[in-house]
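# Report on the structure
The residues making up each chain are set out below.
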Amino acid sequence: MEKIQLSKDVSLSRIIQGLWHITDWNRTTAEHYEFIKACIELGVTSFDTAEIYGGYEGEACFGEVLKLDPSLRSQIQIITKTGINMKHPNRPYTISHYDTSYDKIIWSCHESLRKLNTDVIDLYLVHREDPMIDHEEVARALNDLKAQGLIKAYGVSNFDPFKFEALQAATGNQLVTNQIEWNPLVHEHIESGMLDVLQMHHVHPMIWSPLAQGRLFNPDNPKAVKVAAVLNELAAKYKVAPETIAFAYILMHPVKAMPISGSSQISRLKNAIAALDLKLDREDWYKIYISSGDKRLR
Ligand SMILES: NC(=O)c1ccc[n+]([C@@H]2O[C@H](COP(=O)([O-])OP(=O)(O)OC[C@H]3O[C@@H](n4cnc5c(N)ncnc54)[C@H](OP(=O)(O)O)[C@@H]3O)[C@@H](O)[C@H]2O)c1
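A short tour of the structure in this document, coming up. (Residues numbered from 1 in each chain as written. Predicted model: local features only at pLDDT ≥ 70, side-chain atom pairs only at ≥ 80, totals over all residues. Heavy atoms only, no water.)

## Details of the packing of aromatic side chains
Test applied: Only Phe, Tyr and Trp rings are paired, with Trp represented by its six-membered ring, and only when their centres lie within 6.5 Å; those with planes under 30 degrees apart are stacked, over 60 edge-to-face, the remainder tilted. A helix here means a DSSP run of H or I that spans at least four residues, while a strand means a run of E at least two residues long, and both kinds are numbered starting from the N terminus. Three exposure classes are used, based on accessible area relative to the maximum for each residue type with a 1.4 Å probe and protein chains only: buried under 20%, partly exposed in between, and exposed over 50%.
Overall, the coordinates contain eight aromatic pairs when judged by the stated rule. Consider the rings of phenylalanine 47 and phenylalanine 62, whose centres lie 5.6 Å apart with planes at 40°: the pair is tilted. One end of the pair, phenylalanine 47, is in strand β4 (residues 46–48); the other, phenylalanine 62, is in helix α3 (residues 58–68), and 15 residues separate them in sequence. When sorted by exposure, phenylalanine 47 lands in the same class as phenylalanine 62, which is buried. With a centroid separation of 5.3 Å and an interplanar angle of 20°, the aromatic rings of tryptophan 285 and tyrosine 289 are classed as stacked. Of this pair, tryptophan 285 and tyrosine 289 are both found in helix α12 (residues 282–289), four residues apart, which corresponds to roughly one turn of the helix. Given the relative accessible area of 10%, tryptophan 285 is considered buried.

Okay, structure coming up:
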């Protein structure tokens, strides 16, 4: 599997496995272990989680797998995130809100390390834009964690170009990714110029919800029905699954993005991986781009 080098110390597999819903998969730790091992055997060695996933239980669920077989740790890269204080019975917050203060980032990182049963996080992300962000303070927290060897590299998620640039400047160009949403139903970060800013910085994005959380295949969603018609037409043309076309659409962009597959099924992960061997005709890329009806070419 192709690797994307994000920094001196961190390379990720081009296709990443997402663990957002790991606690909903109704699997034992041994079954999670089989799934993680199957991912690694396919070359998918990078795993994405976050402090808040699974109602703050997702990291621990993955951490149990790493405890079961500590030899896994050296074979994988762990990505996790901080910055959201989600309202939850186990937390004291009266509303969900953001907290990117120095103390919160440091505390969260130690909590994540403990739950994940590891002594280092490969890539640590600020999960969402915080309207109250203090760029210098965030940079100081992330640099301190890196200097202590607790994280190898850091970046952001869901940042717009202005907020990315502001934090990028405060960190002295240390942000190594922006994890953003992109699929044929959502083009926010193409519209905002985010992909252009990332290319300018030679920074590769991670892409969440490449299949729109499965909505691409929802027959009750009129825009998805239009998208699916194009994906199915191209699937027949290239003799692959429609999911493979959706992943190829992202992979073909010059920004060299790393899509995160969120499926719990190895068969669907294989469909994502198959996209690495597929090159769409340029016209086909544009067919997908305009397929939902939201985008017009002038
Ligand atoms: N940074 C952020 O703010 C953020 C936000 C959201 C997600 N993420 C990350 O990105 C990862 C991927 O996002 P995602 O989970 O939304 O990814 P996704 O790959 O777009 O969606 C995965 C979901 O789609 C379903 N699915 C796949 N193919 C399908 C089909 N043909 N028909 C019906 N359903 C289908 C899967 O069900 P099965 O499991 O049954 O295959 C699964 O529930 C997450 O796990 C998380 O790590 C980050």
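## A word on the site of the ligand
Basically, it comes down to this: To be near a molecule or strand, a residue needs just one of its heavy atoms within 4 Å of it. Counting of polar contacts relies on pairs of N or O atoms within 3.5 Å, with two restrictions inside protein: one atom must be capable of donating a hydrogen and the other of accepting it, and residues adjacent in sequence are counted only when both atoms are side-chain atoms. Per-residue and other accessible areas follow the Shrake-Rupley method at a 1.4 Å probe size, with only the shown protein chains counted as cover for residues.
Taken together, 26 residues surround the ligand, and among them Asp48, Ser209, Ser263, Ser264 and Arg268 come closest. Within the side chain of aspartate 48, a nitrogen or oxygen atom sits 2.6 Å from an oxygen atom of the ligand. A distance of 3.0 Å is found between an oxygen atom of the ligand and a backbone nitrogen or oxygen belonging to glutamine 213. In the complex, the protein chains occlude 85% of the 920 Å² of accessible area that the ligand would expose alone.

## Considering the environment of histidine 21
Along the polypeptide, histidine 21 turns up in the loop between β3 (16–18) and α1 (29–41). Distance in space between the C-alpha atoms of histidine 21 and serine 263 is 8.9 Å, their sequence separation being 242 residues.

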